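# Commentary on secondary and tertiary structure
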Amino acid sequence: MNNDVNSQMQCFAALIGHFKWRKVIALYEISNSFSNIDFGLITHLSDSLKVVDSSVEYHLAFPPLFSLSDSKSFIQKELVKLRTKNVKVFVVVQCSLHFGLILFEMATEMGMMGKDYVWIISYNMASLLDSVEPSVLLNMQGVIGFKANVNEKTESFREFNVKFRRKYRSEYPEEEGYPSPSLYAFKAYDATWATAKAMQKLSRSNSSELVKSILLSDFEGLSGKVSFKNGMLYEKPPFRIINVIGKSYREVSFWSPEFGFSDDLVEYNGVKLKIGNGLGGSLGSILWPGGKQTFPKGWTIGGLEKPLKIGVPARGAFNQFVTINFNQERNETLIGGFSVHVFEAAVRQLPYYLLYVLVPFYGTYDEMVEGVSNKSLDAAVGDTEIMPDRYEYAEFSQPYIDSGLVMVVTERPRLKKAHFIVIKAFKLKLWILLAVMSMSTGVVIWLNEYVNDNPDFSGSFPQLIGSMLWFSVTVLSFSQRESIKSNLSRLVLTTWLCVVVVVTACFTALLSSIMTVPRLEPSVLDVDYLIRTNAAVGCNNNSFIVKYLVNLQFKPENIKEISSINDYPKAFEKGEISAAFFVAPHAKVFLAKYCKGYTKSGPVFKLGGFGFVFPKGSPLAVDISEAVLKVSQSGEINQLEEQMLISSNCSSSSAKEQDPRLGPELFSGPLLISGVICGIVLLISIARLVRKHWLYLSSIVANNAKIVLRWSSLVLTQCYTKTVGPRSVKDCNTVIDQRPNIQLNGEITEVF
């Protein structure tokens, strides 16, 4: 008659997943003779918690209460162990009512029913709270749990409830309170009815047939639908979520495997039931231990008695990320640096106070990660690279700065190609623009002088075209032979000569720079060259880079470990190394400090970035990751990076070399002024040219009109008389006389 265990574990998981508790501690009392089943409860709970991304951090089995001589002392000792753990979510998977009451009595005395604690009781204990004295519930303030839903609207339930109370008061008149039957009373009543109905169907007493008849039961009982499948109750009733407040409890929500949490009207066994208090299944009205309405985080890290112990690397090659200084006056160790400042900024974003202490760690980075794994450190902060093999020991936060393996080498002068080096001073666009502007200026000046009848600007058409082109060239060097008479031409020429002077000065200066200032390039262009030539390379000591370089086929004897950033220039100068390999943030620091003579070269090998280290399953890793994203989006990390890592007065030569050639953008102002003036003079010259030749064009049009009229007037009508036989005949005909004197044949005797 009991409910399905899997449904109960799923309800536990739904509550834990709703509030996003990542770790829980499971408690249970071993039953009388079913220890294997008891242990299976933890397995079922663990499987259900995996669905909501949670897990059982620790579980504790208590022996049966009747087997303990001093149950309170034993429970108190076990709770002392649990109080020291960081996880504060306790799930009472299974226990008797008596054990549960003693458990919460001891927990209250030990201060484990206060702020930050969460207690979730099981189905079997929550179903018995109706049968206990109200005063004992004062030790369970803020406890949540779940019990099976019972349809209290049926007539059979009302009748049973009235009879139960009447009988209870008659047998226990001294008891105070309001007696109510528990769920187990309803189940016992339904089990009795199922047995009685089964026996009615049997003709003789036969235990095997009686069990078969009971399993065929199908009726509506007080506890719900009584029907069986595979030896278990077929129907999985929904659960009511309860919250203990004062001397009673309050139903705050409703949960079912099909619909999850809800407080709306639901139909169960054909009856509309309203669960909760109108909060839409949000569980927002729960009163938690300590009297808080905001749900607890479910775990604590550090405290006044035991602050969080965070390790920082003390032997890093780049102290810009972690600095450790001992103050003799105060007799204390001062720890700072970029990584520490980022961590402190992330901690300020947490919704709770985190007490911690920074501890210098003098081992390697891998040993520091292992220290977090074996709990000698609670966390680690520094320039720790996120690596796959390190994930086997610990968890990492969201990377607070991107990273990659970078090769840094010395610079050498670049070989120049002398051919056509003079044209490299200007970009092609500027050369074309200057040519067009020069041609346009020559054409405009020639046209303006031609309009003003300057004899130096005349000749046949081929000569005119040649003089235009030649003038455009000679005007650049001020060697033109033609005299300029028009003021407009002088204006155009003056502005253009000013542009020529500016452009020529810039051309001379830039060409001198190109020919005299050396251009630098990396001394080594790729990693393969270093491997082929067995060149020695350097990297930070105690770093994963050594193993990475070996994987890249570098020989171990060719890898030199360097302990400080200041030792790299010496190693380069002495020829001890041909290249140095850094992670990208370290390369930025090195090139910012030694910005001349060094540059990045070759490909960048992608890595995971720098992150903070936490133990496996630590909820703090999730919260710090979220805080790191907030700090990054606010721009605070970028500001810290500029102030603490790459703040340098010198310009790094490792930056990409800019194109030395000049474009038209730098001369846009003078060229625009010259072009506008040239355009205005061109329009004026065209207008004068049209005006000057207007009379000539008019005379040509008039002459053409006269010719047309003359030809039209030669169309004449002529009449003449000719002799036809014995008599004379007058005739008229239209002819075109193309001669002044018309020769007529002998037939025409008279012309009018």
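Residues numbered from 1 in each chain as written. Predicted model: local features only at pLDDT ≥ 70, side-chain atom pairs only at ≥ 80, totals over all residues. Heavy atoms only, no water.

## A closer look at the pattern of salt bridges
Here the structure, examined in full by the defined rule, presents 17 salt bridges. We note a salt bridge from Glu636 to Arg348, for which the minimum N-O separation is 3.2 Å. Note that Glu636 is positioned in helix α19 (residues 636-644) and Arg348 in helix α9 (residues 338-348), a separation of 288 residues in sequence. Put simply, Lys547 and Asp389 hold a salt bridge, and the shortest N to O gap is 3.8 Å. Of this pair, Lys547 sits in helix α15 (residues 545-551) while Asp389 sits in the loop between β18 (379-380) and β19 (395-396), placing them 158 residues apart in sequence. A relative accessible area of 32% means that Asp389 is categorised as partly exposed. (Salt bridge = Lys/Arg side-chain N within 4 Å of Asp/Glu carboxyl O. Helix = DSSP H or I, 4+ residues; strand = E, 2+ residues; numbered from the N terminus. Buried < 20%, exposed > 50% of the residue type's maximum accessible area, 1.4 Å probe, protein only.)

## A word on the sheet that holds strand β6 (residues 218-220)
With respect to topology, 3 strands assemble into an open sheet ordered β6-β7-β8, the strand pairing being antiparallel. Looking at the sheet topology across the chains shown, the edges are occupied by β6 and β8 (232-233). As judged from the 2 bridges shared by strand β7 (residues 225-229) and β8, these two strands associate in the antiparallel manner. Its bridge partner lying in β8, Lys229 is registered against Met232. (Pairing = 2+ DSSP bridges.)

## Overview of unusual backbone geometry
Positive phi, normally seen in glycine, also occurs at Lys20, with a value near 60°. With respect to the helices and strands, the residue Lys20 is situated in the loop between α1 (5-18) and β1 (23-29). Overall, the relative accessible area of 61% leaves Lys20 in the exposed class. At Asp116, a position not held by glycine, the phi torsion is positive, near 80°. Position of Asp116 relative to the elements: it lies in the loop between α4 (97-109) and β4 (118-121).

## Observations regarding the pairing of strand β24 (residues 579-583)
In terms of residue burial, β24 counts as a mostly covered element, since 5 of its 5 residues are buried. Going residue by residue along β24, you find Ala579, Phe581 and Val583 tucked away on one face and Ala580 and Phe582 tucked away on the opposite face as well.

## A closer look at the UniProt feature "transmembrane region" (unreviewed entry) in the chain
The sites that carry the UniProt feature "transmembrane region" (unreviewed entry) are, in the present numbering, residues 430-448, 460-479, 491-515 and 671-690. Between the first and last C-alpha atoms of residues 430-448 the distance is 27 Å; the span itself is 100% helix and 0% strand. Its end C-alpha atoms 28 Å apart, residues 671-690 is made of 100% helix and 0% strand. (UniProt positions renumbered as here; feature names shortened; annotations may be inferred.)

## Some points on the sheet that holds strand β11 (residues 260-262)
The strands that make up a sheet pair up through hydrogen bonds in the backbone, lying either parallel or antiparallel. Taking strand neighbours across the sheet as the criterion, the 8 strands line up as β2-β1-β3-β4-β5-β9-β10-β11 in an open arrangement whose pairing is mixed. Where the open sheet ends on each side, the last strands, each with one partner, are β2 (55-62) and β11. When the angles between neighbouring strand axes are averaged without regard to direction, this sheet yields 30°. Packed onto the sheet, helix α3 (residues 71-83) meets β1, β2, β3 (89-94) and β4 and runs at close to 165° relative to β2. (Axes fitted to C-alpha atoms, helices over the stretch in contact; angles between N-to-C directions. Contact = heavy atoms within 4.5 Å.)

## Things to note about the environment of Ser564
Turning to its location among the elements, Ser564 is positioned in the loop between β23 (559-562) and α16 (567-573). For Ser564, a relative accessible area of 21% gives the class partly exposed. Each C-alpha atom, one on Ser564 and one on Ala317, is 4.5 Å from the other, the two residues being 247 residues apart in sequence.

## Overview of helix α6 (residues 155-171)
Under the 1.5 Å per step criterion, the end-to-end length of α6 is 25 Å for 17 residues, consistent within 8% with the ideal 24 Å. Those residues of α6 not exposed but buried are Phe157, Phe160 and Asn161. Across the axial projection of α6, the buried residues extend over an arc of 100°, all falling on one side. Across α6 from its buried face, at more than 90 degrees, point the exposed residues Glu155, Arg166, Lys167 and Ser170. Packed against the buried residues of α6 are α7 (183-200). (Expected span 1.5 Å × (residues − 1). Arc of directions from axis to C-beta.)

## Overview of the nonpolar core
The biggest cluster of nonpolar side chains holds 73 residues, and the ones touching the most others in it are Phe581 and Phe590. Sort the elements by how many residues they give to this core and α9 lands first, with 7 residues. Not counting the four nearest positions on each side in its chain, Phe581 is found in contact with Leu405, Val406, Met407, Val527, Leu530, Val537, Gly538, Cys539, Ile545, Leu549 and Phe554. Formed by 40 residues, the second largest nonpolar core is a distinct cluster that contains Cys11, Leu41, Leu49 and Val150. (Core = buried A, V, L, I, M, F, W, Y, C linked by side-chain atoms within 4.5 Å.)

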